[in-house]
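Here's the letter readout for the chains.
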Amino acid sequence: MIFNGKRLAEKEIKDYINHVLAKEYDYRKKYVICTEFVNDWKNVISSQNKEDYESYKAVFLNGVTALLNYRTQESLHGIKEVCQKAEYCFLNSENNIVRENGIELLEEIYTG
């Protein structure tokens, strides 16, 4: 039961993040929520299965898109910063699967 509760809490957090990213909040609020999301993701990347990784990746890419919509130098700098933070953790992992996920994410960032 604890694990179901944890999954539900994680889903509610992701739903809240997606809600903030979809609404007309100011850039700073969206940047902070993206940064905090990446900080959390860094703590769990090595223990994620494919489903968890895909779920987190979707939220991350949603955040990058939300920041991109501001079309300012500040937002471009923010995107670069959150992408670097995430990719640094993926690509410096000792786990091959995590590094492969990092390469996949990098490809999606640049082609998506």
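Whatever comes next refers back to the structure up there.
Since the model is a prediction, treat every value here as computed from it, not as a measurement.

**Student:** Explain the nonpolar core residue by residue, including any values.
**Tutor:** Soluble globular proteins tend to bury their nonpolar side chains together. Counting residues in each nonpolar core, the largest one holds 25 residues, and the members touching the most others are F37, W41, F60 and F90. Of all elements in the fold, only helix 1 (2-22), helix 2 (27-44), helix 3 (50-68), helix 4 (73-91) and helix 5 (96-111) reach the threshold of two or more residues within this core.

**Student:** An account of the pattern of salt bridges is needed here, citing residue identities and associated values.
**Tutor:** Following the criterion strictly, the structure yields 6 salt bridges and no others. One salt bridge connects K50 with E54, and the closest N-O pair in it is separated by 3.6 Å. Of this pair, K50 and E54 both sit in helix 3, 4 residues apart, roughly one helical turn. Between K57 and E54 there is a salt bridge; the shortest N-O distance is 3.1 Å. With a gap of 3 residues between them, K57 and E54 both fall in helix 3, about one helical turn apart. In this structure K57 comes out as buried when scored by relative accessible area, which is 6%. In this structure E54 comes out as partly exposed when scored by relative accessible area, which is 31%. Salt bridges sharing common partners tie together K50, E54, K57, E104 and E108.

Conventions used here
- Residues numbered from 1 in each chain as written.
- Predicted model: local features only at pLDDT ≥ 70, side-chain atom pairs only at ≥ 80, totals over all residues.
- Heavy atoms only, no water.
- Core = buried A, V, L, I, M, F, W, Y, C linked by side-chain atoms within 4.5 Å.
- Buried < 20%, exposed > 50% of the residue type's maximum accessible area, 1.4 Å probe, protein only.
- Helix = DSSP H or I, 4+ residues; strand = E, 2+ residues; numbered from the N terminus.
- Salt bridge = Lys/Arg side-chain N within 4 Å of Asp/Glu carboxyl O.

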